[in-house]
Amino acid sequence: MTQSDGYLLDNRQAEAGERFDAFATLFDPTTFRHLDALGVGAGRRCWEVGAGGTSVVSWLAERVGPTGKVVATDIDISRVAAAGRPPVEVRVHDVGAEEPPGEDFDLVHARLVLVHVPDRERALRSMIKALRPGGRLLVEDADPALQPLLCPDEHGPKEELANRLQRGFRRLLADRGADLSYGRKLPRLLREAGLRQVEAYAYFPVTSPACAALASATVRQIRGRLVTAGLATDEEIDRHLANVASGDMDLATAPMISAWGYKA
């Protein structure tokens, strides 16, 4: 995916930083637990695909230390550029269209990336190609079709409006080529790609301040597109944002499915 493709959630928008902060709060503990189990340590060479923000990159850099290396790539490095100091190297890179930025990596990781990449098959092949024999791949992606609601407990008008706007968000994602059921496919895709000892785990936060922050930032970021597409009015969006700010709705996220395996 290139910048000209009109990525729905552009890293350069002000709300992107809020979304990355929410992702870090919601998902970093799970991601770090999986990375720990995969043996990230001193001297390791890691590729962080579609880095976006800095939280995972910084964690990896601390773990690999001065004798290791972390290559952080994205089509837009505006949010991750600040982390670009040894042992971190930051590069502009399109995982779905370019060759990997090196080979013999001990670990390749992508979180909430491939669901948005038009050529997901090529991207996954590239990530596996970059691994050394015995290297680990950890892919974590959402599955909005598995749990499509912003408010799973749709018990009133506020929740109904929230879920209607969420349907609009999913519509915009699908129109741009996102695979809204990609997360559940990851274990099979990793096995079919030849990885060994494939396992997977799903995480589904149901309500928290970070869920609310993510919901608010997302709607504000895509507001213009929702209105232009006729999926919501400005008045409805204002009402929804006020409802979210009230703090009395249980707002969830799509399940994030983490899948990992070893290269033979």
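Focus on the sheet that holds strand β2 (residues 69-74)
Phase 1 of the analysis: Strand order in this open sheet of 7 strands is β3-β2-β1-β4-β5-β7-β6, and the pairing throughout is mixed. If you trace the sheet from one side to the other, it starts and ends with β3 (88-92) and β6 (196-203), each paired once. Each neighbouring strand pair of the sheet contributes to a mean axis angle of 15 degrees, computed without reference to strand direction.
Phase 2 of the analysis: Here β2 runs beside β3; their pairing, made up of 5 bridges, is parallel. Its bridge partner lying in β3, Asp 74 is registered against Val 92.
Phase 3 of the analysis: Set on the sheet, helix α1 (residues 14-37) makes contact with β4 (105-111), β5 (131-142), β6 and β7 (256-262); between it and β4 the angle comes to about 150 degrees.
Phase 4 of the analysis: Against the sheet, helix α3 (residues 120-129) contacts β1 (45-49), β4 and β5, and its axis sits at roughly 145 degrees relative to β5.

Looking at the side chain of His 34
Phase 1 of the analysis: Along the chain, His 34 falls in helix α1.
Phase 2 of the analysis: Looking at His 34, the relative accessible area reads 5%, which means it is buried.
Phase 3 of the analysis: What His 34 contacts, discounting residues up to four positions off in sequence, is Leu 138, Glu 140, Tyr 201, Ser 258 and Trp 260.

Focus: α1
Phase 1 of the analysis: Taking 1.5 Å of rise per residue, 24 residues should cover 34 Å, and α1 covers 34 Å from first to last C-alpha, within 8% of that figure.
Phase 2 of the analysis: Its axis deflected by about 55 degrees at Phe 27, α1 carries its strongest bend there, up to four residues before the proline Pro 29.

Things to note about the packing of aromatic side chains
Phase 1 of the analysis: Taken as a whole, this structure holds 4 aromatic pairs when the rule is applied.
Phase 2 of the analysis: Put simply, the rings of Phe 23, Phe 27 and Tyr 203 pair up and form one aromatic cluster.
Phase 3 of the analysis: In this structure, Arg 45 packs its charged tip against the face of Phe 105, placed 4.8 Å from the ring centre.

Quick notes on the nonpolar core
Phase 1 of the analysis: Counting residues in hydrophobic clusters, the biggest one holds 26 residues, and the most contacted among them are Trp 47, Val 108, Leu 114, Leu 124, Met 127 and Leu 137.
Phase 2 of the analysis: Of all the secondary-structure elements, those providing two or more residues to this core are β1, β4, α3, β5 and α5 (186-192).
Phase 3 of the analysis: Non-local contacts of Leu 114, meaning those with residues more than four positions away in its chain, are made with Val 95, Arg 120, Ala 123, Leu 124, Met 127, Val 139, Asp 141 and Tyr 182.
Phase 4 of the analysis: Of all hydrophobic cores here, the second largest spans 20 residues; its members include Val 40, Val 57, Val 88 and Leu 138.

Calculation criteria
Residues numbered from 1 in each chain as written. Predicted model: local features only at pLDDT ≥ 70, side-chain atom pairs only at ≥ 80, totals over all residues. Heavy atoms only, no water. Pairing = 2+ DSSP bridges. Helix = DSSP H or I, 4+ residues; strand = E, 2+ residues; numbered from the N terminus. Axes fitted to C-alpha atoms, helices over the stretch in contact; angles between N-to-C directions. Contact = heavy atoms within 4.5 Å. Buried < 20%, exposed > 50% of the residue type's maximum accessible area, 1.4 Å probe, protein only. Expected span 1.5 Å × (residues − 1). Bend = angle between axes of the 7 residues up to and from the residue. Phe/Tyr/Trp six-rings, centres within 6.5 Å; stacked < 30°, edge-to-face > 60°. Lys NZ or Arg CZ within 6 Å of the ring centre and 35° of its normal. Core = buried A, V, L, I, M, F, W, Y, C linked by side-chain atoms within 4.5 Å.

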